[in-house]
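The residues making up each chain are set out below.
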Amino acid sequence: MGNDAIRIEWLTTLRQRLPVFLASLQIENQPGRYLPCRDGAILSGERAALGFSCFAKKILDALGLWESLPHSEQSAWLEFIRAFQHPDGAFVDPALLAGIQQPSLTLRARLHNHLHGLTPVDPQHDAILAETKQAIATLASSNWTPRFPFGDFPTNESALLNRLQRYDWRAPWGAGAKSAALALFIQTQAPGLSGVDAPALRLTLSHFLAGKADRTTGGYFLPPTPPARGQLINGAMKVLNALEWLDEPIHYPQQLIDTCLLQGPPPAGCHVVDWIFVLHRALRHTDHRRLEIQSRLGEVIDRIRAHQCTDNGFSYQPGKAQSGYYGATISRGLHEGDLHGTCLLTWALAMSIEILEWDLPGWQSFRA
């Protein structure tokens with residue numbers, strides 16, 4: 001049996017085993033309620049719930065199994081996610097916020113932020129925005145909307161441009177993530193807000209991101225010096241996610257492919273999925289080096305398989321479950337599968353299957 005045949009057989013079996021892993025983390029009689037991992041979760045991880053509910057649904061989406069759930073369970077699950085929304089529109093998980101420590105910035109750091117027009121670091125606020133984005137995207141994947149419109153983002157062109165300029169584009173991973181959140185909010189929430197010109201906001205954000213596109217690397221950053229490789233590719237992934245929500249094309253897909261293929265991704269779950277995501281989206285616009293990408297993906301699938309644990313789930317790091325989530329400690333980092341790592345790597349596999357054009361029933365990518 002050839003290597004690809006072995007991989008296909010493993011993926012076929014994996015689609016049967018991952019629901020068993022999910023079931024081991026599900027809290028009984030609470031549709032949508034999951035632990036981050038089975039054995040190593042500490043109290044803050046056991047109490048936090050919003051993000052892990054979204055991860056579990058996305059795993060079922062990637063496996064094509066969500067629609068097989070009874071409609072009553074689907075509705076109860078999505079209502080569980082919606083229950084975290086406050087009347088101001090934000091999705092807030094108090095248990096997660098309780099575990100996030102606010103930074104104590106030195107005078108020098110505060111002056112640096114002020115002089116460079118940078119937004120002060122606020123991990124709790126960043127976590128709320130990130131989880132709000134994730135919750136809205138998860139609901140949208142089933143054509144559900146939040147209970148209340150979310151409007152905590154710039155709703156006129158001048159304010160939006162000011163916000164974008166305040167992000168640190170020398171580190172595009174963070175700046176790109178915040179821009180992707182803005183793209184989602186503009187696309188899904190702005191049309192429902194009174195007096196807000198959603199098309200003008202989309203145009204402003206699209207033009208700004210185009211101005212950050214680099215012709216040489218295909219990345220998005222503040223010129224002239226490209227950031228470190230991890231920042232470059234992971235930042236590009238976030239910007240491509242923003243462009244997808246805006247229905248805008250990638251600016252330099254061939255250059256992005258060349259940048260990705262200089263070397264494979266580091267082993268952590270986020271790096272693997274970002275590397276594959278960039279290639280997956282770039283190949284929608286070009287066939288540049290497609291066969292080479294397909295030949296490289298076999299090795300990457302094998303590296304993903306190395307993350308699989310005896311419980312059938314994937315660990316975020318090889319041999320170590322995710323211990324931190326948005327600055328909160330959620331587990332002891334044991335050798336076991338965790339929900340976040342499993343979500344990311346299942347998604348990475350779904351995108352890889354599409355790139356390889358393998359006919360494997362059920363597997364499908366999703367929009368983050």
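In case you missed it, the structure is sitting above this.
First, a word on scope: everything that follows refers to the structure included in this document. Everything numeric here is computed off the predicted structure, so don't read it as measured data.

**Quick word on helix α10 (residues 198–211)**
Taking 1.5 Å of rise per residue, 14 residues should cover 20 Å, and α10 covers 20 Å from first to last C-alpha, within 8% of that figure. Packing partners of the buried residues in α10 comprise α8 (157–166), α9 (172–188) and α11 (229–245).

**Digging into the packing of aromatic side chains**
In the structure shown here, the tally under the stated rule is 14 aromatic pairs. Ring geometry for W66 and W77: centres 5.2 Å apart, planes at 75°, overall edge-to-face. On the criterion of sequence distance, the pair formed by W66 in the loop between α3 (50–63) and α4 (71–82) and W77 in helix α4 is long-range, its members being 11 residues apart. One aromatic cluster is present, built from ring pairs that chain together F52, F55, Y325 and Y326. Seen from the ring of W66, K57 lies directly overhead, with NZ or CZ sitting 4.4 Å from the centre. Cation over ring: R367 sits above W245, and NZ or CZ is 3.7 Å from the ring centre.

**As for the packing of helix α14 (residues 290–305) against helix α15 (residues 339–356)**
The interhelical angle for the contact between α14 and α15, taken along N-to-C directions, is 150°, at an axis separation of 10 Å. As the angle between them shows, α14 and α15 are arranged roughly antiparallel. With respect to the hand of their crossing, α14 and α15 are arranged in left-handed fashion. When α14 is examined against α15, the residues R290, I293, Q294, L297, I301 and I304 are found in contact with a partner set consisting of L345, A348, L349, S352, I355 and L356. Along the lines of polarity and charge, the residues of the contact of α14 with α15 split into nine nonpolar, two polar and one charged.

**Quick word on the side chain of R82**
Here R82 lies in helix α4. The class of R82 is buried, set by a relative accessible area of 16%. Side-chain polar atoms of R82 contact the backbone oxygen of T145, separated by 2.9 Å. Dropping the residues within four chain positions of it, R82 is found in contact with F91, L139, W144, T145, P146 and R147.

**Concerning α15**
With 18 residues, α15 should cover 26 Å at 1.5 Å per step; its first-to-last C-alpha distance of 25 Å lies within 8% of that length. α15 sits mainly inside the fold: 17 of its 18 residues count as buried. Among the residues of α15, the N-terminal cap falls to D338, whose side-chain oxygen and the backbone nitrogen of H340 are separated by 3.3 Å. Directly after α15, the chain includes E357, whose backbone phi takes a positive value near 60°.

**Some points on the packing of α3 against α4**
Their axes nearest at 9 Å, the elements α3 and α4 cross at an angle of 145°. As for the relative orientation of α3 and α4, their crossing is left-handed in sense. Judged by residue contacts, L50, S53, C54, A56, K57 and L60 of α3 engage W77, L78, F80 and I81 from α4. Per-class residue counts for the contact of α3 with α4 are eight nonpolar, one polar and one charged.

The rules behind each value
Sequence positions are assigned chain by chain, starting from 1 and proceeding in written order. Under the rules for a predicted model, residues below a pLDDT of 70 receive no local features and side-chain atom pairs below 80 are neither given nor counted, while totals for whole chains, interfaces and linings still include all residues. With hydrogens and water stripped out, all remaining heavy atoms of the structure feed into the side-chain values. Counting from the N terminus, the helices are DSSP H or I runs at least four residues long and the strands are E runs at least two residues long. Here, expected helix span is obtained from the residue count minus one, scaled by 1.5 Å. Contacts: residue pairs with any heavy atoms within 4.5 Å of one another. Put simply, two rings from Phe, Tyr or Trp (the six-membered ring, in Trp's case) pair if the centres are within 6.5 Å, and we call them stacked under 30 degrees between planes, edge-to-face over 60, tilted for the rest. Comment: the charge-over-ring label is applied if NZ (Lys) or CZ (Arg) is within 6 Å of the ring centre and within 35 degrees of the ring normal. Convention adopted: a line fitted to C-alpha atoms gives each axis, helices being fitted over their contacting stretch, and angles between N-to-C directions are expressed from 0 to 180 degrees. By the definition adopted for this analysis, an angle is roughly parallel if under 35 degrees, roughly antiparallel if over 145, roughly perpendicular if from 65 to 115, and oblique otherwise. Each crossing is labelled by how the near helix is turned from the far one, with a counterclockwise turn of less than a right angle marking it left-handed and a clockwise turn marking it right-handed. When residues are sorted by character, Ala, Val, Leu, Ile, Met, Phe, Trp, Tyr, Cys and Pro go into the nonpolar class, Asp, Glu, Lys and Arg into the charged class, and all the rest, Gly among them, into the polar class. Whether a residue is buried, partly exposed or exposed follows from its accessible area with a 1.4 Å probe, protein chains only, as a fraction of its type maximum: under 20%, in between, or over 50%, in that order. Whenever a nitrogen or oxygen atom comes within 3.5 Å of another N or O atom, the pair is scored as a polar contact, on the condition that within protein one atom can donate a hydrogen and the other can accept it, and that pairs from neighbouring residues in sequence are kept only if both atoms are in side chains.

This is a description of form; function is not addressed.
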